[in-house]
Every structure is written in C-alpha cells, then in structure tokens.
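# A look at the structure
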Amino acid sequence: MQANAELEPSVHIRELKKDRVNFVLENVDLAFANSLRRVMMADLPTVAIDTVEVVSNTTVLPDEFIAHRLGMIPLVSANCDEAIRETRECTCDTACEYCAIPLSLNVACHDSRTLDITSNHLQYDPSVFNPQQESGAEGEELTKRVDNFGHPVGKNDPSLPPVLIAKIRKGQELKVRCLAKRGLAKEHAKWSPCSAVAFEYDPHNKLRHTTYWYETDPRAEWPLSDNAREEEPPRDDEPFDFNAKPQRFYFEVETDGSLGPQEVVMKVSKHPSASCHCAESLEFINM
Amino acid sequence: MPDAGPSTTKYRSTFRTLEREKKFRNPPKDGSTVPILNEFVTPHIESFDALFDDSGLPQGDGDGRGLLSLAVRDIGERVVFDGTGQVGTESGQSGWGNRLSFWIEQVSISKPRVPEKIKHANDIRVYPFEARERLTSYRGRMSVKICWKLDHQGEVERSVIKDCGLVPVMVRSVRCNLRGLSSADLVKKHEEPEEFGGYFIINGNERLIRYLILPRRNHVIALIRPSFVNRGPSYTPYAVQIRCVRPDQTSVTNSLHYLSNGSAMLRFSWRKQEYVIPIMLILKALVGASDKEIFEGVMMQDYENTFLTDRVELLLRSFKMYSLYTGDQCLEYLGDKFRVVLALPEDWDNLAVGAWLIQKVVLVHIQEAREKYRMLLFMLRKLYSLVSKSCSPDNPDSPQHQEVLLPGTLYGMIIKERLEEALNQVRNQIMLDVRNQEPSVDFFDARYFNKVLSKVNFDLGSKMSNFLATGNLVSPTGLDLQQASGFTIVAEKLNWMRYISHFRSIHRGAFFAELKTTAVRKLLPEAWGFLCPVHTPDGAPCGLLNHLSRTCRIITAPLRVSHLPALLVAHGMTQNFSPSIDGTKNLCVQLDGRVIGWARPQIAKQLAMNLRIWKTEGRHDVPLDLEIGYVPPSRGGQYPGLYLFSSRSRMMRPVKYLANSRNDQIGSFEQVYMDIACTPEEIERGVSTHVEHAPTNFLSILANLTPFSDFNQSPRNIYQCQMGKQTMGTPSTALQHRTDNKLYRLQTGQTPVVRPELHNTYGMDSFPNGTNAVVAVISYTGYDMEDAMILNKSAHERGFAYGTVYKSQIVDLKDAKGASRSMSAPTLHFGLGHDIRTEPGDKQHWCCKFLDLDGYPFVGTQLSPGDPIAAYIDDTTARTRFVKYKGDEVAYVDEVRILGSDAADSECQKIQVTLRITRSPVIGDKFSSRHGQKGVCSQKWPAIDMPFTESGMQPDVIINPHAFPSRMTIGMLVESMAGKAGAMHGLAQDATPFKFSEKDTAIDYFGEQLLAAGYNYYGNEPMYSGITGQEFAADIYIGVVYYQRLRHMVLDKFQVRTTGPVDPVTRQPVKGRKRAGGIRFGEMERDALIAHGTSFLLQDRLMNCSDYSTAWVCRTCGSLISLGYDDIRLGEVVIGPSGIPKPTGPNGEYCRVCRAAAEQEDERQRKAMAHGNNVSNAVKTDVRVAISSVNVLGSTSKGGDLDVVAVPYVFRYLCAELAAMGIAVSLEVH
C-alpha cells in the first residue's frame, strides 16, 4: 500500500453536536488511531472535585459516599491546561485560586417534602480557601478561564437536568466544602472528559482481522454497522489482500460536558503522545 | 400460605420503579407492602399463637383452648400428705394424714411492657426495636395461677398467682405489640415495612426456632432395623412404631417389637428410661379382653393364614406364664411394677396406678381404652404382616412419614415440662418438710403453702431465654426428641435472601448429622413440592438442612373432623365395632391414628374420591386441609388402608384437582399415591389426578430467584442458593435501628434486568443484592485465568460494587476494670475528667479529636486501630481512662447509642457504637453471577486498556470462557443475552424457569430482541483490544449479567507476617490470623522442598524463620541440657576443690554432667589413694553415652568440652521432655 502511505491524513466530520462528535479519520495507521482514542479517554486534563470537607451531614448517605458522588459531577473545564495549574506543581501551601476551584454546598430542608440536592446547589465559594495559607506564584491562569470555569456542567441551564447528589427530608442538611482540582483520568475516572469513545474500522471485515461466528448465515446474523455504508462491500470473488492495513477509522466521541467534543479532539492533536506519532498530521483539524 | 392459586397477573416487562418508590415512601396504611412475606412465616407465628386461648385460630374439634391450657390440664394435680404412712392418732386410718392436692389452673403471658415501677412512661408497651437497640430481650411477663385444696371437710379451694418471670415473646405473634400493624405503622415503630416477625429477640439478637423434621404423628410405620436385635434376647429386626401426640402437642413414641417366639413387646420411654411390656399385658389391661377376643381381633377371620394363626397362638400361649387373667389383674400387676417410677399419690392403689400408666403412655392420642385396644390390634396385624413379608417396611426418612416440629409447639412443650417440674419441686419440698417434721408444716395454713412456693424456682423466663439463646434443651424427659441442642439459630441479616431463608429452613435433626450412613440425606421423590431439591448447602449439612418449597404450607390450625366417621359410615364404611370383619377383604379406615371403620378396597377408594371432591368443593364440612391417604392393596407394598390426617404440623401444598378444576391441598402422605402433572401439557387422561399450579412451585424461594435455572447444570443452582445468601446486599431498610454485630451493605444495589416473576412477588426490589454489570466472556491479558475476573478500574472508580461493613462495639462500664461490684451507685462515669485538657489549642489532649466532653465519640470520626472510642472517669483514682477501638482497620463512627437500664432509673453505663468500615472492591474480593459462577477479582484494568465494542462499550467485568464448558451454566449465557436486550429495550426480562421449550427457545426469543436493537442475533460482538486498537480475531460474547459481591473479602482474610508473636513453649510462630500468626509450613510443603533439593530454602523456612536458636552442646557427653555456668569474670578461672582450674567456656559454661562425673572420679581416686588401693581402672560404670570412644576426650576436660550449635528450639524442648522421662539424648558434634 505504498500509494496510500503518501496520502495525507484527513478527517471528515460527519456530525457535531453539543456533547458528541462523529468523525472519520483516514490515512493514519491503527496505532495512531488507537492512541488518539486512549488520549481522549484518559489523558486530557479536566477539573473535578477532589477534596471534600464535611461540615455537617445528616442525610442518609455516609460522608464518604457523598464525597464520591460529588467527585463524579462533571465540572466545566474548558481550556483546562492553561486555566488551572496542577496542584502538585503549584507552590502554594495546600490549595489556592491558581490550582483549585473552591465550591461549597449548603442545603437544608425545611419543608415536609423530599428535597433533591443536586449539582445546581454547588456554589463557587472562595471562603473555602484558608486565608492564612500562602497561595502559589502569580500566573495567568485566572485570565484564561471562561466565566463558569469549574462550575457544574449545565448549571443554570434549564434544558439540562442537574446531577442528583442526595435526597433529604425535613430537618436534614448537607453542608460540605469542596476543592475541585485538575487531574487526569489515568488517576481517577472522574477526570475523564469522555463517557464513551466508539471506534471502528473495516466494517466489512475485508482485512479479516476478525472472524464472524455464525450458526447458518453470517450475513443474516451479523447486522452491518452504519459505517459499512461508507465502504464498498467486498465482492464475492474479491481476492484477499493480506498486505492491506486499516485506513479509515470511524470515531464517535461522547463527552460528559466538562470539555466540549471539539475541544476534546482539538486537545488530542496537541497532546504529546499524539504528536509524537505524526507531528503535524492533525494540525489540519480545524473546526 | 404462599399463593395458593395460579398467578392471575400477567408478567409485565417493567421495573415498576414508580410503583415501588411510591410504596416505599408511603407504605400501605391498611396492610402489608408484600403480603406474601407475612404468609410464609405463618407456621412460626400461628404455632406460637396456638399456645394461648385467645389465639384467634379456628377451634377445630376442641374447645378453642390454647396449648398451654391443655398442657396445664394434662399436668394434672400433685398430692402430698402430712402423715408419714404410719398409722397414728393424728394421721388417720391409712396413716397418710391430710391430703393436700395442688395444681396449676391457668397460665398467662402478657405482652411486653415496661416494668411496673415506671409510672411516667408515655407508652407502657415495649416494641421490638427497643429490645434490638438496647440489646435486651423482647419479653412478656408470665404468671400462673396455682390452686390447692385440702381433702378435709370444710376446706375450700384456694389459689395464688405466681410470677414466672419474663418469657421471650415471638415478634408479631398474638403476644407482640406489633400484632396486626400495617406497614405504615410498622415504619413508625422503627421496623421495615416488610417486617414479618416469627423470631424472638434475645439480648438484641434475633433468634428463631428452626423447623425440625419429626416422624408423622398418629401413624403406624413398619420398621426393619438390624439394631433392634441388640435390644435383648429373642428380639428381631421387626417392629412397628407410632408417635402419638396429645392434644397439647406433646408426644410419646410407642414401638411394638416382634420377638422370635411370635409375641410382641410394647416399648416406651419414661423420663429418658426405656421400658418394655408384653403386648398381651396391655391388651388385657385395656379392655379386659379374653384370649378369644384377642385371637379374633388379630385374625379377623383370616383363619387360612397359618402364619398368623401360629403367631397369635404363640402370643397367647407365651402370656400364660404371667398367670394374669382379668384386666384388673393386669392393671394391678402394672401398677405394682411402675409405682416407684411414676411417683403418683401414695394413697392410690395399684389398679389406679396401672390405669394411669396405660392412660399416660400407651397410644396417648386416643382417650378411650377400647379405641386404644383396636389401634393396638391394628399395630399387631401390621407387625405380623411385616414379618410375613406381605407388606414392606416404611421409610422413616421419607417425607411421606414425616411432619414438622413447629417453634410454638416446642416452646409450649418446654413450658409444660418446666411447669411440671416446678410443681414436682413443690411436692418434693413439702414431702421433705413432712419427713423432716418441720414445725412450720401446716396444711391448713395458706402461709405455709405460699412459703413453699416461694422456695421453689418458678422463674421460667430465664429458662426460656436460656433455651432460645443457646438452643440447648434442658429436659428430664427429653420431650420425645432425638436431640438436646441446636434448636435455635440466629436469624442473620446478612442480606435479605439469607434472612428469609432462615424462616423456611427445616432440619432433619442433629442426631442424623453424626450418622455415618448417607441414606437420610438422600433426595427422595416423595419430597417433591415439599422440600426444595436445590436449596440445600453442600458439605456437612447437605441433605439434612433443607428448605421448604415455595408453596409448601405447614398446617397450624386444628380442623373440624368429628363428623367424618358418621359421614363415611353413611357412604359405605363398616363401623369399627362390627364384630365380624374379614381382614383379608377389608381395609382399615383411620382418622388421625384412630380406627374409625373398615371398608372394602373399592369402597375405600370411592370414599377417598368422595372426600376429595367434598373437600375441594367445601361440601359436608370436609376441611380442605384434610389429608386423604388411600394406600391401595398391593403385593408386598405399603400396608394398605385409608388413612385420614387432620392434625397440625403436616406439610401440605396447593395443586389443582383435575376432576373439578378446584384448588386442592395435598399432603406428603397422599402425594405418593397421586399422579400430578407438572404442566397442563403433561396431563394424561385417566392417569393424572392433579396438575401443578406452576411448574416452579417445587423450588424454594431462593431457588426460584435464580434466573433461567432450568438451563443450568443442577449443582450450579445449588451453589447459587449458597452464594445468594453470602452476598453483600441490602440487609435492611431500617439500618439505623439495628445493632447487629456485623452487617454488610452494598451501596449501589440495583434491581436485576433479568429476573423471575417471583422477584416482584417477594418484594426483592426493596433489598437489592447486586448490580447489573456488562460482562465480556474473553480471555484477556491472562489475568482472568482459573475463575479470576478482571474489573474495569474506571467502573470501580465510578462506584461499581462499592460496599460497607457495619460493625458494632459495645462499651459496658459494668465490665470495665474498677467497676464496683455492688448495686450501689457506679464508680465509673462516661466523660472526660479534669486531667484532660479540652480547650482548643496546642495543649489540647489528643483524645479530643475523637471524643466529646461526655466521653462518647463524635459521629463521623475516623478511628484507626487503637484510637479511643470512649472515655470514662474512675471515681477512685479521679483519672480518665479510655476504651480503645479494637478493630484492625480504619472505621468511621456511624452511630452512638446510649443504653440505659430497663427501669430508666440509673446512670448510663453502657453505650453501643456502630462503626462503618468502607470496603471498596479490591483485588482478591469475591464476586459471583447468579449461576454459581464465582470468581475472584485479579486485576483492575483502566478503561483505556479494556477491550471495547464498536459502539465504545466497555465491559465492567471480564470472565474467562473456560468458566463455561465444564460447568454448563447456560442460564448465565441466556441471562447475558436477555440482559443486553433488556437494557437496550428497557425491558424487565422474565427469567422464570420452564417458560421456554424446545420449539420456542430462549435463544430465538432474545436473539430477535438483540437483532431488533442492532446486535448480532447470538449476542456476540466484534471487539477491539484496548491496548493496540486491533480487532480481535474472534468475536466476543458480551452482555449484561447481574453480579453479586460476596462477603468474602481479602481485607478480612489476608495474613502476612515477617516476625511476630511466638509460642512460649516451642518458640515457634503462633497460628491464627487474629494473633498475627504464621501459616503452617507443613509436612507436604516440606516434602516439596526436599523433592526440589532446595535445602537452603528448607532451612530458612523450618529453622531460621521459625524457632532458630543456638545452644551449648557438650562434645564429651553429647548433652544439650547439661549446661551450667560458673560465675567468672574476664581472665579469672574457677578453682575446683582439687586445686586445678576448672575448664569452662568463654563465659563460664561447663557441662554439669561431665564435671560431676569427673569430680566423682576424682573423689573415688582420692579415696583409693587414701586406702592405698591403686585402682588404675575405674569400676566400669554403666555407660549411658552413645559416643564412640574416639570422641570421648577423657577426664582431662573435667566439665566437658562445650560447643555452640544451631538447633531448632523445639528440639531443645524435646530433649528436656525426654530427660524428664529418663531418656538422654546425645549429640555427636563434628
């Protein structure tokens, strides 16, 4: 496939929505495509609640479970690598405005109805920081932030239902102070911007990477995926090309909202593990 | 009664989420959330209710009195006399004096209440939650009315109410304050809406009396047991046996043994002592029967049968030696022999004693002597029939001849016996006083009697509590049971499944557990529909501990059957007193072990049919729960007859009667002679009599909850029944009101996508037991070998299978060091004393992080091992002392309960702390699907490394394909498909077994659904390696399977040790995880190392890492234990008596044996010198040393030549032990 190797890598975006992007990546090798997938899932920094200080918790859920639930809430992390520092690299005492987002939750139920504590109750609250402690070196992070950076995704957006944290009844309250920090999904899944990455190549199995098990008729039992329409079905008499390599990769990236789908794909292109493969190959992605 | 009829509601493929949530938020105010749960414990509760007169149960044929009243009536009166049996002026003609009789008139148990001295309580009722939370028992006050009467003119009956202490009361029984409460009210009383009771609360633990299998009452079974021969000379293996039950449910077993001389002996036991009486004696004593009467009665016109005539002749002849001819003579003879044993009133004559004996031990279920006589004749006939091989022995291990010992029945039996004992003690006390001629004895004075009563221990409450707490039966009679312990169990709330199965478990008896033979454990076809074939543990209790099938009921209400004999006579039965019945042509008709008539086989069969139609249609007042066992005549089969059973404790189950399509209840006796089709398709015209309401009814509740269990290899379903009960699930919805020692909780339980219909019926959604996991069946990275499973690390981080363990720690200052033993004011008080700095700041005491000023821990505090959990001040020392958290892992304080005393009048001395331990899944934790497929988590791969499908789906769990071929759990594969389709379409998939057939297969049903969702028909999908991104060469079976997290976790089991505690005697590491001990490196492990030739490793394991020690050994005598020390300082030597420096080691070590020998030698030589005898050669002493003479260095080294060697310490110990026995061990050192 000498001819193909010279072809320029290309991306064809089939669909772009608020939380997902569907694109076809062509003329790259399998290892590159997969590393793209892996980076999208685990190597893009986002912010997520990392430390939780429970002031008062009279809900039915134990402290550590609430903390876990808080950690799972997606927070807006646009432009995360510039807008916030890694706490471990910050020179501050424990946490500061450059390396952490202070959030607090203070809900009590006074009605005789069940109250849902949701991510909408999370407030940006600088008082979470200890004023006695030194903050890190001056930086430009704050200017690079979008307005709602570090806020729960979909807050103040009536079209998006908030994330339920706990349900409380009359007389119960939940008061916690949280610090959201920057991190990678390698460390904990809560920092993953993607909820799923669909990945497919060779829908007709022309390369014979796989074998379809069947009872009577593989064509009847194996439904073709939608991506099969993009490629020509193999003719019955077509000889098997054992030198062929996968060329076209069908991606669908769904994010949890902390990063937009386009940002995810953009970031990947700049990621060192992607760029080491082919330095400028994805520079063309321009959306 | 678990739903009798066929299910009327059609299966709905929804999860009923809203319905469920609504019910949970607003439990029904007029009934129960899950009514069926109340039904399945009815035998527990109703059997307890039956103890009382106001049980609310139907009256049956009796007068509606409770078992306790009946028991008290059966106990009868005790009689004492103030004379000593010597005729005197005071003591009347017989010498016995005044006759005082006393008896118990009435027994009552109240509902649990607060002690009477508390006047200010808002509610005097005590509810179970209080007992549970305060770690006390749920008890009601018991009292008896004791009456006494002096047999003297002008004396009236007098009575006194005697307190019997607090008796544990069954929750939700008629004596429980939760009786009849709706779910909404239950929640108000801090119970779960599903609370169904049936247990007792003892010291905060829920304990129940487990069902026990007993021989069927009032039915004669034929036995052939070789062991009967050992009973005495001329005994044979043949016997018939009947377990007779009195109206108060106490029983006596009568056996009739066949002797080789043709006669028979009646055996019974009285106070654990066995007695045998010739049957002729009884027959004559009962009705004064003549020999001819007996002959005719046994023969029943079968004069051709020479076998029978010969035996009966022998029987009659053998009795001639007794020279007893009339009934009264027999009674007097019996009375004379048994007078001492029975301890009856002294003024009774032998006749009365004999009559009493017959009344109390022979066929006690029958009152009338004539009927007893008839029944005994029947037993004799059956015995002879058995001996002549014209009928087969009955199998006592078959449910056909079994019934159930109900909790309430046993409870009543124990109370009866205790009351009887108390009464006997009163008699003994008075008799003792009379014999000792105590001056206080005055039968006319009520004070004397009251004084005697106060001396006797009437505290039944503590005895009953003890019985329930230990399960041990302390009984002088043994209650006609084969075991004395193991009656009660803890109803562990590990998870809901385990909890509910306790109430359906039924044990064969502790006696059988020790039996070598496995015949009793066998699953018999007779058990179909009564005992679940699947739900039994594997291992030691296999087949002995069973569980009732889902629809199996146990009859607890008495039935009205007194009109049945007349009804049957009207339809062709010959009456039982007819003089000339041909025994060869007629079958015996019995009702509850009474002969009620005779009928020819055709008529008997017709009668059985009529009765069945009547009972199913409710005509002629024939109760539905009547069991109609028609045993047809056969050649050498079961002894024929028509046996009707109406008694309690029988197992019955609902089926459909085909003749009139009505619901019928059938018992385990009659089922053997029925033809019951499992499904309507199986009905055979003219053969089938009944059809099952549902083909799954023979399974227990738990077995029914295994999805697609009909696809699995049967042992896998057995394993699932075990593992379902070990699952970390949702034990309770009222967790904050529980104080269990250990509770496991799955934080993120889900309802299974694939579930049988009964999942809803039993309300299992209130107590989720696992999570729906995406499972790929693939061999990936090798970490899923040998039943290991790979967990998706990202799924785990998102909360997959996250669990919590709740433990409780009790701090009781009464048990603390320094507590005052007296009942006066306590000297220990919870709190922080003045010696603790509590004000915040640097100088604050470290304990303030954990404890509040009151000495209790803060709720939510993290505790590490050794942290303080409570503090108290000791008055005597005025110092604060801490109680430490005793666990070995980090825990959080979840709840602190301050427990006061019963009367709420003393200072708090006891707290209970619930601790929460987080248990996120880690490598080494155990998981299982619902198909007996358990596995251990071996690796947690991050999502990027997990394989994925084209749609980007990644499995939560990866299991190895090798888990399937040998285990054949096809049900799991089907569940995977069904789960996947259900998840895609939003369906709750019906996984009830036996729904599919060969023509309508599950694969096609779910395959179509998958195809509709865009998947492969058979559930496979192409997958890609997460590491390389390459498509796998094979497509992968991936679907959704419900996974359970089992309670076995590494954190509870891991054992590591480098150094640690050693045994003081052997200096080897101790064993046991709790003590930080080591793991035994045993013989076989040693063999392996020897075989490998790894001698260094061997030495390291067995010596260096175990009990390595160095020891001084004497080269001269080879002794290890003769080490002595001279006190020397550097450069000094000890000079012996002979002036020569004594040879020692560098620190003065020497061999005491050698030195003593040398000194002795010296001494001898000196003496020889003194006497002038030059003895060059010493007298040869007996040489004990096994050293070759080359190595003996001679007497120059007077004190031995010591050397250090490395030996295991136990070896030194062994040498010392051997020396103690006079054996010397000698080492040769090279």
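Residues numbered from 1 in each chain as written. Chains lettered and ligands numbered in written order. Predicted model: local features only at pLDDT ≥ 70, side-chain atom pairs only at ≥ 80, totals over all residues. Heavy atoms only, no water.

## Remarks on the packing of aromatic side chains
Definition in use: Here a Phe, Tyr or Trp ring, Trp counted by its six-membered ring, pairs with any other such ring whose centre lies within 6.5 Å, and the pair is stacked when the planes are under 30 degrees apart, edge-to-face when over 60, and tilted otherwise. A helix here means a DSSP run of H or I that spans at least four residues, while a strand means a run of E at least two residues long, and both kinds are numbered starting from the N terminus. Relative accessibility decides the category of a residue: with a 1.4 Å probe and only protein chains considered, values under 20% of the type maximum give buried, values over 50% give exposed, and everything between is partly exposed. Geometrically, a charge over a ring is one whose NZ (Lys) or CZ (Arg) sits within 6 Å of the ring centre while staying within 35 degrees of the ring normal.
Considering all chains together, one arrives at 55 aromatic pairs over all chains under this definition. With 6.0 Å between their ring centres and 80° between their planes, B:Y322 and B:Y333 make a pair best called edge-to-face. With B:Y322 in the loop between α9 (306-318) and α10 (327-342) and B:Y333 in helix α10, this pair connects stretches of sequence that are 11 residues apart. B:Y322 sits in the partly exposed class, given a relative accessible area of 27%. Their ring planes at 70° and their centres at 5.3 Å tell us that B:Y499 and B:F503 sit as a pair that is edge-to-face. Three or more aromatic residues link up through ring pairs in this structure, and these residues are A:F23, A:F199, A:Y201, A:F249, A:F251, B:F948 and B:Y1024. Sitting over the ring of B:F512, B:R508 keeps its end group 4.1 Å from the ring centre.

## Some details on the domain arrangement of chain A
Residues and elements named next belong to chain A. Here is the rule we go by: Start and end points for every domain follow an automatic or database-based domain assignment. Reported buried area values correspond to the accessible surface (1.4 Å probe) lost by two parts on association, with both partners' losses combined. Within this document, salt bridges are pairs made up of a side-chain nitrogen of Lys or Arg and a carboxyl oxygen of Asp or Glu, the two lying within 4 Å of each other. We call two N or O atoms a polar contact when they sit within 3.5 Å, provided that within protein one can donate a hydrogen and the other can accept it, with sequence-adjacent residues counted only if both atoms are side-chain atoms. Each residue gets one of three labels, nonpolar for Ala, Val, Leu, Ile, Met, Phe, Trp, Tyr, Cys and Pro, charged for Asp, Glu, Lys and Arg, and polar for the others, Gly among them.
Along its sequence, chain A is organised into domain 1 (10-43 + 194-282) and domain 2 (47-185). Placing the centre of domain 1 and that of domain 2 at their C-alpha centroids yields a distance of 35 Å. Taking both partners together, domain 1 and domain 2 bury about 710 Å²; carbon and sulfur atoms supply 52% of that area. Across the domain 1-domain 2 interface, the total number found is 2 salt bridges. Between D81 and K267 there is a salt bridge; the shortest N-O distance is 3.6 Å. Between domain 1 and domain 2 we count 4 residue pairs in polar contact (both at pLDDT 80 or more) in total. Elements supplying a minimum of two residues to the side of domain 1 that touches domain 2: α2 (30-42) and α6 (261-270). A per-class count over the side of domain 1 that touches domain 2 returns 3 nonpolar, 2 polar and 5 charged.

## Here's the deal with the UniProt feature "domain: RNA polymerase Rpb2" (unreviewed entry) in chain B
Residue and element names in this part refer to chain B. Counted only if it meets this: UniProt positions are given in the numbering used here, feature names are shortened, and annotations may be inferred rather than shown by experiment.
Following the UniProt record, one finds the feature "domain: RNA polymerase Rpb2" (unreviewed entry) at residues 216-404, 490-554 and 1077-1150. Helix makes up 41% of residues 216-404 and strand 22%, whereas the separation of the span's terminal C-alpha atoms amounts to 8 Å. With 17% helix and 14% strand, residues 490-554 has end C-alpha atoms that lie 22 Å from one another.

## Some words on the sheet that holds strand β9 (residues 194-201) of chain A
Residue and element names in this part refer to chain A. We count it as follows: If DSSP finds at least two bridges between two strands, the strands pair. Here an axis means a line fitted to C-alpha atoms, over the contact stretch when the element is a helix, while the angle between two N-to-C directions is reported on a 0 to 180 degree scale. Note on contacts: a residue pair is in contact if any heavy atoms of the two residues lie within 4.5 Å.
The sheet built from 4 strands is open, its strands ordered β1-β2-β10-β9 with antiparallel pairing. The open sheet has two free edges, formed respectively by β1 (10-16) and β9, since each of these has just one partner strand. In this sheet, neighbouring strand axes are inclined to one another by 20° on average, regardless of whether the strands run parallel or antiparallel. Helix-sheet contacts for α2 involve β2 (20-26), β9 and β10 (248-255), and the interaxial angle to β9 is about 170°. Against the sheet, α6 makes contact with β1, β2, β9 and β10, and its axis sits at roughly 35° relative to β2, the strand it touches most.

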